[in-house]
Amino acid sequence: MAAEGSIDRISGRLIGWLENVIAALLATTWIIVGTLVALRYIFNSSIPGANEVVVMLFVYTTALGAAIGVGHWDHIGILVFVERLPAKAFWILDLVRTFLVGLINGVIVFYSLGWIHTTGQFVMPSTGLPRFVVQVSIPLGCGLALLFCGLRLRRLMQKGSDDRAGVGEHGRGLGDDA
């Protein structure tokens, strides 16, 4: 179906873009940490707030990486029994699993927005940045995971219960070659 292909293309591009962002965040983290080590051991100096920035980069990397994991439908699971189900039962279970993953991410987005509203204006000690700068990574990552779940549900509905190729298999998510 053309719509299925467009879902996979859009998801693949978004996942690719997010992977590039994560690569840049990791490279930046590596550069900052390397600079801090050199400054500390060679010049007996440091950059104020740099350790806090490294933690912020790590938090964003983790949140975006989790969203990519949902987009690829990578997970820890034992599918021995699930894969033996008839096609219709397998499809229904896949719908339920995808809905539940999306639901938990949606709940986290909802509650994190209230948390950010309550505590986000407080400043971080070293950088002086407001806490929401880091806290927004939670609804961002979970919101992206929710988007990937919605796209996966749409793809599952379009494929129907007769076609199991690339749907529900470990490591076969949106944007992956079927």
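Please read these numbers as outputs of a predicted model, since none were measured by experiment. (Residues numbered from 1 in each chain as written. Predicted model: local features only at pLDDT ≥ 70, side-chain atom pairs only at ≥ 80, totals over all residues. Heavy atoms only, no water.)

### Some thoughts on the side chain of E52
Convention followed: Only runs of H or I of at least four residues qualify as helices and only runs of E of at least two qualify as strands under DSSP, and these elements are numbered from the N terminus. Accessibility here uses a 1.4 Å probe with only protein chains present; expressed as a share of the type maximum, an area under 20% marks a residue as buried, one over 50% as exposed, and anything in between as partly exposed. A positive count includes Lys and Arg, and a negative count includes Asp and Glu. His and the chain ends are not counted in either. Any carboxyl oxygen of Asp or Glu that lies within 4 Å of a side-chain nitrogen of Lys or Arg is treated as forming a salt bridge with it. Whenever a nitrogen or oxygen atom comes within 3.5 Å of another N or O atom, the pair is scored as a polar contact, on the condition that within protein one atom can donate a hydrogen and the other can accept it, and that pairs from neighbouring residues in sequence are kept only if both atoms are in side chains.
Locating E52 in the fold gives a position in helix α2 (residues 50–72). Here E52 occupies a buried position and makes no salt bridge, while the nearest side chain of opposite charge, R131, is found at 6.4 Å. Engagement of the side chain of E52 in a polar contact is seen with the side chain of T127, the distance being 2.8 Å.

### Looking at the nonpolar core
It is characteristic of soluble globular proteins that their nonpolar side chains tend to be buried jointly. Definition in use: By nonpolar core is meant a set of buried Ala, Val, Leu, Ile, Met, Phe, Trp, Tyr and Cys residues that side-chain atoms within 4.5 Å join together. By definition in these notes, contact holds between two residues if any of their heavy atoms fall within 4.5 Å.
Core analysis: the largest hydrophobic core is formed by 19 residues, its most contacted members being L18, I32, L64, V70 and F148. Counting residues per element, the ones that place at least two in this core are α1 (2–42), α2 and α5 (137–159). It is α2 that provides the largest number of residues to this core, a total of eight residues. Not counting chain neighbours up to four residues away, the residues in contact with L18 comprise L64, I68, L144 and F148.

### Examining unusual backbone geometry
A positive phi angle, close to 50°, is found at N44, a residue other than glycine. Of note, N44 is situated in the loop between α1 and α2. If you check the backbone angles, W73 has positive phi at about 60° while not being a glycine. With respect to the helices and strands, W73 occurs in the loop between α2 and α3 (87–119).

### Side note on the confidence of the model for the protein
So the rule is basically this: For every residue, the predictor reports its confidence as pLDDT, a number between 0 and 100.
The predicted model of the protein averages 89 in pLDDT, with 88% of residues at 70 or higher. Note that pLDDT drops below 50 for residues 165–171; the model gives that stretch 24 contacts with residues more than four away or on any other chain.

### Let's talk about the pattern of salt bridges
If you walk through the whole model with that rule in mind, you get three salt bridges. One salt bridge connects R155 with D8, and the closest N-O pair in it is separated by 3.3 Å. A residue pair is termed long-range when its members are at least 10 positions apart, and R155 in helix α5 and D8 in helix α1 qualify at 147 residues. Taking the relative accessible area as the measure of exposure, D8 reaches 16% and is therefore buried. For R152, the salt bridge is made with D94, and the minimal N-O distance between the two is 3.1 Å. Separated by 58 residues along the polypeptide, R152 in helix α5 and D94 in helix α3 bring together distant segments of the chain. Connected through salt bridges with shared partners, the residues D94, R97 and R152 form a single ionic network.

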